Amino acid sequence: MPSKTNFLEISCQQVMVEDASVFSLQRADLPAAIAGALSAEELLRRYLFYIRKCTLTLIRPVTLESGIEFRLAGTGRSLISFLPPICDKSSLTLRICGGFLVQPRQCDRGELRFGAETAAENVRVSLQLSDFCPLILGGGSPSRLRFWLYRFTQATIHRLVTVRFLTLLYRELAGPYGRVRVKNIAVHAGKPV
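Is there a simple way to think about the overall build of the protein in this case?
When helices and strands are tallied, the protein shows three helices and eleven strands. The secondary structure elements of the protein, listed N-terminal to C-terminal, are β-β-α-α-β-β-β-β-β-β-β-α-β-β. What you see for the protein is a C-alpha radius of gyration of 17 Å, in line with the 16 Å of a compact globule of 193 residues. Dimensions along the principal axes, computed over C-alpha positions, put the protein at roughly 50 × 35 × 30 Å. For the protein, buried positions account for 43% of its 193 residues. Taking contacts inside the protein between residues at least 6 apart in sequence as the whole, the part at least 24 apart equals 55%. Counting every atom, the protein has about 10400 Å² of accessible surface; 55% of that belongs to carbon and sulfur. If the 25 positive side-chain charges of the protein are averaged to one point and the 15 negative ones to another, these points end up 10 Å apart.

Quick question: what am I supposed to make of the pattern of salt bridges here?
Two side chains of opposite charge can pair, provided their charged atoms sit close to one another. Evaluated as defined, the whole model comprises nine salt bridges. The salt bridge partner of Arg 46 is Glu 172, with a shortest N-O separation of 2.5 Å. Separated by 126 residues along the polypeptide, Arg 46 in helix α2 (residues 40-54) and Glu 172 in helix α3 (residues 144-174) bring together distant segments of the chain. Using a relative accessible area of 18% as the deciding quantity, one classes Arg 46 as buried. Among the residues examined, Glu 172 registers a relative accessible area of 59% and is labelled exposed. Close ionic contact of Glu 117 with Arg 113 constitutes a salt bridge, the shortest N to O distance being 3.6 Å. Residue classification places Glu 117 among the partly exposed residues on the basis of a relative accessible area of 37%.

About the cut-offs
Each chain carries its own residue numbering, running from 1 in the written order of its sequence. Confidence filtering applies because this is a predicted model: local features only for residues at pLDDT of at least 70, side-chain atom pairs given and counted only at 80 or more, and all residues used for totals across whole chains, interfaces and linings. Side-chain numbers come from the whole structure's heavy atoms, not from hydrogens or water. Helical segments are the DSSP runs of H or I of at least four residues, strand segments are the runs of E of at least two, and each set is numbered from the N terminus. As a reference, a globule follows 2.2 Å times the number of residues to the power 0.38, and the radius of gyration itself is taken over C-alpha atoms. The buried label applies to any residue whose accessible area, calculated with a 1.4 Å probe on protein chains only, is under 20% of its type's maximum; exposed applies above 50%, and partly exposed to all values in between. In what follows, a contact means two residues having at least one pair of non-hydrogen atoms within 4.5 Å. Accessibility throughout is a Shrake-Rupley quantity obtained with a 1.4 Å probe, and a residue counts as covered only by protein chains that appear here. For the charge count, each Lys or Arg is scored as positive and each Asp or Glu as negative, with His and the chain ends excluded. A charge is said to be at NZ when it belongs to Lys, at CZ for Arg, at CG for Asp and at CD for Glu. Salt bridges, as used here, are contacts in which a Lys or Arg side-chain nitrogen is within 4 Å of a carboxyl oxygen on Asp or Glu.

This is the structure we're talking about:
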């Protein structure tokens, strides 16, 4: 169990890249002693449960034979749709294939990747969204208004949700003294959102 003075550091970056797609990364190194055999598949399972819970079931992840959809409650409308997961040794990737929040001409772009890479003393868990083309940006050269609207709505919500997910995961594993710090990092070129 961590002491009251230990912190988990959650590293974050969100940028709009040159082609007006979005790259977002949130990651943390969990001590191996508490992370155990945490896998990317387990991260996805926990994340889907968390999305339903944190949105008070307003957003309902639905697993289908054709993939996963984040549906708006009371409708059959998918906010974002993914193809079935692609797994490798330390990651699981969901390729975006549609949804209301995605630009219609860019539905075949983008992915959400869950990572759980084991090293000697820790397990690096990560959630990475890349090549995502949000509807709110409108296209390859969004106006300043669209950029700021995206930044203060969807981008802020995404960061809050993913950081809180990693925080709750750590506290679930570490106990009540699991404290976190969030820091910005730069791993991908682009305009911060």
